[in-house]
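Report on the structure
Take a look at the letters that make up each chain.
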Amino acid sequence: MSQKYRIVIVGGGVAGLALASRLGDRMGKSGQAEITLVDKSFAHVWKPMLHCFAAGTAQNENDRISFMSQASRHHFEFWPGEITALDRGSKTLTLAPVLATDGSEVLGERTVHYDAVVLSIGSRANDFRTPGVAEHCLFIDNLVEANGFNEKFRMALLRAYADNEELNISIVGGGATGTQLAAELHKALDLVSLYSFGQKPPKLKVTLLEAGPRILPAFPESVSEAATKQLEALDVTVQVNAMVSGADEHGFILKDGSRVEASLRVWAAGVKAPDVTTRFGGLTLTRSGQIEVRPTLQTVEDDAIFAMGDCAFISEAPVAPTAQAARQQAHHLARQIPGWITASRPLQPFAFHNKGAIVALGSYNGWGTFSGGTVFGGGWLRGLSARLGHLALYRQHQFEIYGPWRGFVSCVVDWLDNFVRPSVRLD
Ligand SMILES: Cc1cc2nc3c(=O)[nH]c(=O)nc-3n(C[C@H](O)[C@H](O)[C@H](O)COP(=O)(O)OP(=O)(O)OC[C@H]3O[C@@H](n4cnc5c(N)ncnc54)[C@H](O)[C@@H]3O)c2cc1C
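What comes next concerns the included structure. Predicted, not measured: the structure shown is a model, and the values here were computed from it.

Let us look at helix α8 (residues 323-343). The end-to-end C-alpha distance of α8 is 31 Å, a good match for the 30 Å that 21 residues give at a rise of 1.5 Å each. Maximum bend of α8: about 30°, positioned at Q336, with proline P338 one to four residues after it. Immediately beyond the C-terminal end of α8, within one or two residues, lies S344, with a positive phi of roughly 50°.

Glancing now at the site of the ligand. In the neighbourhood of the ligand, 26 residues make up the surrounding shell, with A15, D39, I83, D310 and A323 lying closest. With respect to the ligand, the side chain of D39 contributes an N or O atom lying 2.7 Å from an oxygen atom. One nitrogen or oxygen atom from the main chain of A323 is found 2.9 Å from an oxygen atom belonging to the ligand. Calculation on the ligand without its partners gives an accessible area of 1,000 Å², and the protein chains cover 89% of this total. Of all the elements in the fold, those that place two or more residues in the shell around the ligand are α1 (14-28) and α8. At 3 residues, the largest contribution of residues to the shell around the ligand is made by α8. Taken together, the residues that form the shell around the ligand break down as 8 nonpolar, 13 polar and 5 charged.

On the basis of which strands lie adjacent, the open sheet formed by 3 strands has the order β6-β7-β10 and antiparallel pairing. Of all the strands in the sheet, the pair left with one neighbour each is β6 (83-87) and β10 (110-113). On average, each strand axis in the sheet is inclined to that of its neighbour by 25°, with strand direction left out of account. Two strands pair when backbone bridges link them, and strand β7 (residues 92-95) and β10 are joined in this way by 4 bridges, in the antiparallel orientation. Note on β10: the bridge partner recorded for T94 is T111.

With that settled, consider α1. With 15 residues, α1 should reach 21 Å at 1.5 Å per residue; the first-to-last C-alpha distance of 20 Å fits that figure. Judged by how many residues are buried, α1 sits mostly within the fold: 12 of 15 residues are covered. Within α1 the residues assigned to the buried category are V14, A15, G16, L17, A18, L19, A20, S21, L23, G24, M27 and G28.

What follows deals with the pairing of strand β5 (residues 77-80). Side chains of β5 alternate between two faces, with F78 and P80 buried and E77 and W79 left unburied. Two elements, strand β2 (residues 34-39) and β5, share 4 bridges in a ladder whose sense is parallel. Bridge assignment links T36 to a residue of β5, and that residue is E77.

This part covers the environment of E77. With respect to the secondary-structure elements, E77 resides in strand β5. For E77, a relative accessible area of 31% corresponds to the partly exposed category. Note: C-alpha distance between E77 and T36 (41 residues apart in sequence) is 4.6 Å. Here E77 is in contact with R6, E34, I35, T36, L37 and A71, once residues within four sequence places are set aside. Within the structure, the side chain of E77 is placed 3.2 Å from the side chain of R6, a separation counted as a polar contact.

Conventions and cut-offs
Residues numbered from 1 in each chain as written. Predicted model: local features only at pLDDT ≥ 70, side-chain atom pairs only at ≥ 80, totals over all residues. Heavy atoms only, no water. Helix = DSSP H or I, 4+ residues; strand = E, 2+ residues; numbered from the N terminus. Expected span 1.5 Å × (residues − 1). Bend = angle between axes of the 7 residues up to and from the residue. Near = heavy atom within 4 Å. Polar contact = N/O pair within 3.5 Å; in protein donor to acceptor, adjacent residues only side chain to side chain. Areas by Shrake-Rupley, 256 points an atom, 1.4 Å probe, with all protein chains shown as cover. Nonpolar A, V, L, I, M, F, W, Y, C, P; charged D, E, K, R; others polar. Pairing = 2+ DSSP bridges. Axes fitted to C-alpha atoms, helices over the stretch in contact; angles between N-to-C directions. Buried < 20%, exposed > 50% of the residue type's maximum accessible area, 1.4 Å probe, protein only. Contact = heavy atoms within 4.5 Å.

Don't take any of this as a statement about function, it's just geometry.
Below is the structure:
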C-alpha cells in the first residue's frame, strides 16, 4: 500500500482531465503525490462537441482521448468506475462494478482511499420531473446518449427517404445546446443529401421550444434575434414562451394545452448535477444538486473535498456552468494544490475571468461576445469569425490535453480524414 499523499479526481471531463494531467506532471512525476483519475467512461470527450456527434457531423473516433493513454503520458493513474458514494469519515469513495457489454462483471465494487478528492462529474439536462420526459425523450448529455440519438436520427432519416415523408424533430431548450443542435441537424441533412444518389431529400421539420421569452438567453438580445432569423431561414420553427408540461410517444404537450408532434423528441433544457451528489456524505447541495463550494473550491464542510466545473456551485461568486469556467477552475487548482499539500500554503480564492462566449449554427452562421459584451460574427461572412472561433476552442482544448506536437498531428489527422471518410456519419 502506497504511503504517498493521494489525490483522487473523480470525472475526467473538461475540468478533471486538465487537472489530472497538470497535477500528474507537477506532482505525480516527482513522486510528491499519487494522482488518481476515476471516470465512468474509458475515454474523454469534449462535451461542447456532443451536438455534432448527435447530428453525425463530427466523427467521434478521432475526438475521443483515451484516459489510460493520457495517464501513462502524464504520470497519473486511471481507474474506470462510476462513483456511487463518498464516505467522509473513512475518506473513501465507492466505485460501482465495471460490467462488460454482455452484463458480466469485469471489476467488482471497489473502495478507493483519498487524502484529498476533487469532484468534477459534470452535469446533465434537468427535466424538472416533467411527466413523460424520462420515458419518451432523448438526451445528449454524454457520448453514449449522443451516439444513441444519432442512431435514431439516421434510422428516422432512412425511413423518411424511403417513404418520402417529413421528419419531425422537436428540441426542448433554446440554450446553446438546443439551438446549435437544431442547426446541426439541418447541416447533417445537407451533407447526407450529397450521398443520396440523386434522390430528393425528405423535409426536415425541427421545432425548438423555449420556455423563456428568447433563445440564447446568455447572449445579448441582438444575437438571439439574429439566431432566430437564421434558424427560421433553415425552416426551424422557434417557439418562445413555450412551457412544456408533458411528453408522450408522439410529441410534447405545452402548458397552454397545445401539442407539438414529433417523432424524435430531445430534452436539452436546464442543468442539474448527477443524482449521485446526494450520496456524498451530506455535503451541502443546491436545489439542482450542485455541490456548494467556497471560493477556494473546497466544499463548505470538508477541507479535503474540492468540487469544480458544472457539478460545483460557488455560493459567494456563482459562475455559469460552461467549459470556460470548468477549465479555469482546473487551472486554478493545478496551481494551488501543490503548495497547499507540500508547504501548507493557504489556498487562494478562484476568480473567474470572463473571456466571452461563442455560438455556432452549423456552417450557416455564428456569433460571439467579448467579455465587455461587444458582439462579433453574423453578417455577409455568415459569422465566419465566430464559427472559426468555436472550432479554435476545440483545437485549444486538444492542444492542451495532447501537447503541441500531438495536438498538431491530431489536427492534420482530422483534416486528412475528410479525404477518406464521408463528412457526415452514414453508418
Ligand atoms: C451540446 C453541448 C454544447 C456545449 N457547448 C458549450 C460551448 O460552446 N461553450 C462552453 O463553454 N460550454 C459549452 N457546453 C457546456 C460544457 O460542455 C460544460 O460546461 C463542461 O463540459 C463542464 O465541464 P466538467 O468538467 O464540469 O464536466 P464534463 O466535461 O461533463 O465531464 C464530466 C465527467 O465526469 C464523468 N462522470 C459523470 N458522472 C460520473 C460518476 N458518477 N462517476 C465517475 N465519473 C463520472 C463523465 O464521464 C465525464 O467524463 C456545452 C454542453 C453541451 C452538452
